[in-house]
Amino acid sequence: MSDTADMRLEAGDRAGLEAAHVRLLVQARHRACLYLPLLEPGLFDSEAALTELRRLATSGRHARVRILTHDANRAHRDGHRLLALVQRLPTAMSIRVPTDETHLGYGSAFVTDEAGAFLFRPVATRFDAEGALGQPGQTSRLTAYFDEVWERAEPAWEIRPLGI
């Protein structure tokens, strides 16, 4: 059986946050939810993170990577590499923008998978994060909130690929 310390995810800086994201994504089988109020350059645009997201998105017919962000336009203007991946794999990856003021005021960020892993940043603009690879209770609470926001959010039409 795994030691509890081996199941913990922690970060205090950008490199640690990226490593924790990749560690969570490596264990995911088919699905991930990313609630990122700000799609900052440098997060989810490393080769390791993009490789794992691509693997998830192409993992089979149950593959699904959903992303919520408050400002898809800014990420698009900044040329965030994650958006390019979403555009290349639109059947398995999608991005939406919340419209409800309550949801737009949410200041935390988190990532969950279907296997019971989560990584939570209490303040989305900071790199401090905590999570675990085997906590289905907390993961399901975060995923339930994500689902609630997702259902009321609008697709980020500004980033869709042009089919010309």
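Our subject is the structure that appears above.
Nothing here was measured: the structure is a model prediction, and the numbers come from that model.

Asker: Is there a simple way to explain the overall build of the protein in this structure?
Answerer: Along its length, the protein carries seven helices and eight strands. Taking 2.2 N^0.38 as the reference for a compact globule, 164 residues should give roughly 15 Å; the C-alpha atoms of the protein span a radius of gyration of 15 Å, in line with that estimate. Once the C-alpha set of the protein is aligned to its principal axes, its extents read approximately 55 × 35 × 30 Å. Sequence-distant contacts in the protein: of pairs separated by 6 or more residues, those separated by 24 or more amount to 75%. Accessible surface, the protein: about 8,300 Å² in total, of which carbon and sulfur atoms supply 51%. With 20 positive and 22 negative side-chain charges, the protein shows a separation of 5 Å between the mean positions of the two kinds.

Asker: Explain the packing of helix α3 (residues 47–57) against helix α5 (residues 81–88) to me, please; I cannot follow it from the model alone.
Answerer: The axes of two packed helices give the description: the angle between them and the distance between them. Axis separation between α3 and α5 bottoms out at 11 Å; the angle between their running directions is 20 degrees. Classified by the angle their axes make, α3 and α5 are roughly parallel. Relative to α5, the crossing made by α3 is right-handed. On α5, the residues that touch E47, L50, L53 and R54 of α3 are R81, L82, L85 and R88.

Asker: Help me understand α5, please; the structure alone is not making it clear to me.
Answerer: Residues that lie three or four places apart on an α-helix share one face, since the helix turns once every 3.6 residues. When we look at burial in α5, the residues that qualify are L82, L83, L85 and V86. Each buried residue of α5 lies within a common arc of 155 degrees when the element is viewed along its axis, so the set occupies one face. The inward-facing, buried residues of α5 abut β2 (31–35), α3, β3 (64–68), α4 (72–78) and β4 (93–97).

Asker: Looking at this structure, how should I read helix α7 (residues 136–152)?
Answerer: With 17 residues, α7 extends 24 Å between its outermost C-alpha atoms, agreeing within 8% with the 24 Å of an ideal straight helix rising 1.5 Å per residue. Turning to α7, its buried residues number three or more, namely T139, L142, T143, F146, V149 and W150. Down the axis of α7, the buried side of the element spans an arc of 120 degrees, and every buried residue falls inside it. Looking at α7, the residues exposed on the side facing more than 90 degrees away from the buried face are R141 and E151. On its buried side, α7 packs onto β2, β3, β4, α6 (101–104), β5 (109–113) and β6 (118–121).

Asker: Which parts of the structure should I look at to understand the environment of R14?
Answerer: When you line up the elements, R14 lands in helix α2 (residues 14–27). Judged by relative accessible area, R14 falls into the partly exposed class, the value being 33%. When the C-alpha positions of R14 and R96 are compared, they lie 24 Å apart, and in sequence the two are 82 residues distant. R14 has contacts with P41, G42, L43 and F127, leaving out every residue within four places of it along the chain.

Asker: How should the sheet that holds β2 be read in this particular structure?
Answerer: Two strands in a sheet stick together by hydrogen bonds in their backbones, pointing the same way (parallel) or opposite ways (antiparallel). Pairing in this open sheet of eight strands is mixed, and the strands run β1-β7-β6-β5-β2-β3-β4-β8 from one edge to the other. Each edge of the sheet is formed by a strand with only one pairing partner; in this case those strands are β1 (8–11) and β8 (154–155). Against the sheet, α7 contacts β2, β3, β4, β5, β6 and β8, and its axis sits at roughly 70 degrees relative to β3.

Rules behind the numbers
- Residues numbered from 1 in each chain as written.
- Predicted model: local features only at pLDDT ≥ 70, side-chain atom pairs only at ≥ 80, totals over all residues.
- Heavy atoms only, no water.
- Helix = DSSP H or I, 4+ residues; strand = E, 2+ residues; numbered from the N terminus.
- Rg over C-alpha atoms; globule rule 2.2 N^0.38 Å.
- Contact = heavy atoms within 4.5 Å.
- Areas by Shrake-Rupley, 256 points an atom, 1.4 Å probe, with all protein chains shown as cover.
- Lys, Arg positive; Asp, Glu negative; His and termini not counted.
- Charge placed at Lys NZ, Arg CZ, Asp CG, Glu CD.
- Axes fitted to C-alpha atoms, helices over the stretch in contact; angles between N-to-C directions.
- Parallel < 35°, antiparallel > 145°, perpendicular 65-115°, else oblique.
- Left-handed = near helix turned anticlockwise from the far one by under 90°.
- Buried < 20%, exposed > 50% of the residue type's maximum accessible area, 1.4 Å probe, protein only.
- Arc of directions from axis to C-beta.
- Expected span 1.5 Å × (residues − 1).
- Pairing = 2+ DSSP bridges.

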